[in-house]
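The primary structure of each chain is shown beneath.
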Number of protein chains: 2
Amino acid sequence: MATQSPTPVKPLGKQRILEAAIAYADEHGVDALTMRRIAGKLGCGVMSLYNHVSNKEDMLVGMVDIVAGEIELPSVNGDWKGALRASAANAHEVLLMHQWAPAQWSLRMPGPARIRYMDSILQVLTEAGLDARLVYSGYHAVTMHIIGFTLQEIGYLQVLDADFDELANKFLKDLSGDFPYMVDHVRAHMDDNCDSDEFGFVLDLILDGLERVSVTS
Amino acid sequence: MATQSPTPVKPLGKQRILEAAIAYADEHGVDALTMRRIAGKLGCGVMSLYNHVSNKEDMLVGMVDIVAGEIELPSVNGDWKGALRASAANAHEVLLMHQWAPAQWSLRMPGPARIRYMDSILQVLTEAGLDARLVYSGYHAVTMHIIGFTLQEIGYLQVLDADFDELANKFLKDLSGDFPYMVDHVRAHMDDNCDSDEFGFVLDLILDGLERVSVTS
DNA sequence: ACCTGAACACCGTTCAAGT
DNA sequence: ACCTGAACACCGTTCAAGT
């Protein structure tokens, strides 16, 4: 009963466009993401989008930054390893819900939310008492793990449900050259019932390493 | 004087197509890579490519596998950490020469060369005496580092020479919210004269961590 | 200020036709 | 077996015109 506008169902706007684009990419993948299709979802003409977004690149930057904003920042007081571990685990969850994001993350300009996120990680490392060199390296190690590990995991998931039969056949064929370690590894993957927390295990390797190097220096 | 064929300058073939595609992507980036442009470089019609490559996806898989084949495999005897460190450093170099590759690596089916590479890393970890769980995690940690770290580095390089001015301005603007740690980090990047071997430092964090966990278990 | 259809210069790929 | 032009169903984006 409140507002009954004639044509514009809702006022367009950058936020609404980015949300629609994220929802579409979550469901159909980033390759299927098209200006025309977003417009279709929003019930507007294609060119209307360009009133709020300068181009597709700009839109992708905005999308990544919204995802970055969904990640819980590490708490800055107390146990620095625990704080980073918790925040990284949350980032891992968020990125798995937006499987198109990790591949975009590194290759595009950081928006404000991602800069804030980067800053908070650096702050935690600094206040942990690590020296400048170790903060520098530690930041790279931690962010690389979050993005790189998740990207690898997503690649594995996508290859799996894309063509599992083809993969199995390819293996039996290439197995003629015999890659026994590879076969074992794939078998281990199939036995791994998602309860092993590989992500956290490797992250602890890095965090404990940072702490150890810091103490001994 | 030897062979003077009339029209076909050289016999087309999958290998020659992939090499042309790699050269083009190295120079202009993967976004600019087009079936039509590869055909142009090779002096043939677009559709001729499809006699040797089933589609663009297949071509990208082949391109990545050639890059994988350029990486020196870790030597299987002797010091396992040294072998992995040397191979990883070489992979890092190779990937920096094909900056489009890391983003493709994780998201596409592995070809034979990449499977061989994966197998050799697993072999080294196994023969190092690590238990199954640690081989499994160690493989993920090492490959994640190679791809993830390099991808991050490439992203930084590309953002830099894409629009350095815009980045500087953006910083001065977003600095109104003040991200002091971030500013320090960027300054450290600018002072880092490529002689610090961040790649190796973080890799050692992982390798030493693996060794330590293995010994204490 | 915001919206939009028509048009432009591109894509990857199918198809039918050539040798 | 290998090559290829024409055609199809798409892209992102410019431009001029609407409100």
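In short, a report on the structure. For clarity, every value in this text was computed on a predicted model and none was experimentally measured. (Residues numbered from 1 in each chain as written. Chains lettered and ligands numbered in written order. Predicted model: local features only at pLDDT ≥ 70, side-chain atom pairs only at ≥ 80, totals over all residues. Heavy atoms only, no water.)

Topic: the overall build of chain A
Just so we agree on the cut-off: The helix and strand labels rest on DSSP assignments: H or I over at least four residues marks a helix, E over at least two residues marks a strand, and numbering proceeds from the N terminus. For each residue, the accessible area found with a 1.4 Å probe, counting protein chains only, is set against the maximum for its type, and the residue is called buried under 20%, exposed over 50%, and partly exposed in between. Here, residues are in contact when the closest pair of their heavy atoms is within 4.5 Å. Using a 1.4 Å probe, accessible areas were evaluated by the Shrake-Rupley method; residue-level cover was limited to the displayed protein chains.
When you go through chain A residue by residue, the secondary structure sums to 10 helices and 0 strands. Put simply, chain A runs from its N terminus to its C terminus through helices and strands in the order α-α-α-α-α-α-α-α-α-α. Across the 217 residues that make up chain A, the buried fraction comes to 47%. A sequence separation of at least 24 residues applies to 71% of the contacts in chain A between residues at least 6 apart. Carbon and sulfur atoms make up 54% of the accessible area of chain A, which amounts to about 10,800 Å² in all.

So, the relation of the copies chain A and chain B
Rule in force here: The superposition of copies rests on a least-squares fit of C-alpha positions from residues with pLDDT of 70 or more in both.
By a simple turn and slide, chain A fits onto chain B: the slide is 0.0 Å along the axis, the RMSD is 0.0 Å, and the turn is 180°. Here the copies are linked by what is in effect a two-fold axis. The rotation axis passes nearest to the C-alpha of glycine 148 of chain A in chain A, at a distance of 2.0 Å. Most of the interface of chain A is mirrored in chain B, where 100% of its interface residues are also at the interface.

What to know about helix H9 (residues 180-191) of chain B
Residue and element names in this part refer to chain B. Basically, it comes down to this: To estimate the expected span of a helix, count its residues, drop one, and scale the result by 1.5 Å. Arc definition: directions from the helix axis to the C-beta atoms.
With 12 residues, H9 extends 17 Å between its outermost C-alpha atoms, agreeing within 8% with the 16 Å of an ideal straight helix rising 1.5 Å per residue. Listing the buried residues of H9 in full gives Met182, Val183, His185, Val186 and His189. Here the buried residues of H9 occupy an arc of 160° about the axis, which is enough to place them on one side.

Quick notes on the nonpolar core
A general trend in soluble globular proteins is that nonpolar side chains are found buried together. Worth spelling out the cut-off: Take the buried residues of types Ala, Val, Leu, Ile, Met, Phe, Trp, Tyr and Cys, join any two whose side-chain atoms come within 4.5 Å, and each joined set is a nonpolar core.
Judged by nonpolar contacts, the single largest core of 116 residues is most densely connected at Met59 and Met63 of chain A together with Met59 and Met63 of chain B. With near-sequence residues (within four places) excluded, methionine 63 of chain B lies in contact with Leu18, Ala21, Ile22, Ala25, Leu33 and Trp100 of chain B.

Considering the protein's contact with DNA strand C
Keep this limit in mind: Throughout, the term near means that a residue has one or more heavy atoms lying within 4 Å of the molecule or strand in question. Under the rule applied, a polar contact is a pair of N or O atoms within 3.5 Å (in protein, one hydrogen donor and one hydrogen acceptor; residues adjacent in sequence only if both atoms are side-chain atoms). Note on residue categories: nonpolar means Ala, Val, Leu, Ile, Met, Phe, Trp, Tyr, Cys or Pro, charged means Asp, Glu, Lys or Arg, and polar means any other residue, Gly included.
Close contacts around DNA strand C come from 17 residues, with Ser48 and His52 of chain A together with Arg36, Met47 and Tyr50 of chain B the closest. Counting only atoms of DNA strand C within 4 Å of the protein, the sugar-phosphate share comes to 47%. Here a phosphate oxygen of DNA strand C sits 3.3 Å away from a polar atom, N or O, in the side chain of arginine 37 of chain B. If you tally residues by element for the surface near DNA strand C, the top one is helix H2 (residues 35-42) of chain B, at 3 residues. Tallied by class, the residues present in the surface near DNA strand C amount to 7 nonpolar, 6 polar and 4 charged.

Looking at the interface of chain A and chain B
To keep things clear, this is the line we draw: Buried area is a sum: the accessible area each of two parts loses on coming together, probed at 1.4 Å, counted once for each and added. Salt bridges, as used here, are contacts in which a Lys or Arg side-chain nitrogen is within 4 Å of a carboxyl oxygen on Asp or Glu.
Across the boundary between the two partners, chain A contributes 57 residues, which contact 57 residues of chain B. Between chain A and chain B, roughly 5,300 Å² of surface is buried when both sides are summed, and carbon and sulfur atoms account for 71% of that area. Applying the counting rule to chain A against chain B returns 2 salt bridges. Its salt-bridge partner being glutamate 198 of chain B, residue arginine 133 of chain A comes within 3.3 Å of it at the nearest N-O pair. Between the two partners, chain A and chain B, sit 23 residue pairs in polar contact (both at pLDDT 80 or more). The set of elements that each furnish at least two residues to the side of chain A that touches chain B consists of helix H6 (112-127), helix H7 (132-162), helix H8 (164-174), helix H9 (180-191) and helix H10 (198-216) of chain A. For the side of chain A that touches chain B, the leading source of residues is H7 of chain A, giving 18 residues. Of the residues belonging to the side of chain A that touches chain B, the class tally is 29 nonpolar, 15 polar and 13 charged.

Some words on the packing of helix H4 (residues 80-97) of chain B against helix H6 (residues 112-127) of chain B
Residue and element names in this part refer to chain B. Cut-off, in case you're wondering: Note on geometry: axes are lines fitted to C-alpha atoms, helical ones only across the stretch in contact, with angles between N-to-C directions running from 0 to 180 degrees. Here is the rule for angles: anything less than 35 degrees is roughly parallel, anything more than 145 is roughly antiparallel, 65 through 115 is roughly perpendicular, and the remaining ranges are oblique. Here a crossing is taken to be left-handed if its near helix is turned anticlockwise relative to the far helix by less than a right angle, and right-handed if that turn runs clockwise.
Here H4 crosses H6 at 155°, and the two axes come no closer than 10 Å. On the basis of the axis angle, H4 is roughly antiparallel to H6. Between H4 and H6 lies a crossing of left-handed hand. Side by side, H4 and H6 meet where Trp80, Leu84, Ser87 and Ala91 of the first sit next to Tyr117, Ile121, Val124 and Leu125 of the second. Across the contact of H4 with H6, the residue classes break down as 7 nonpolar, 1 polar and no charged.

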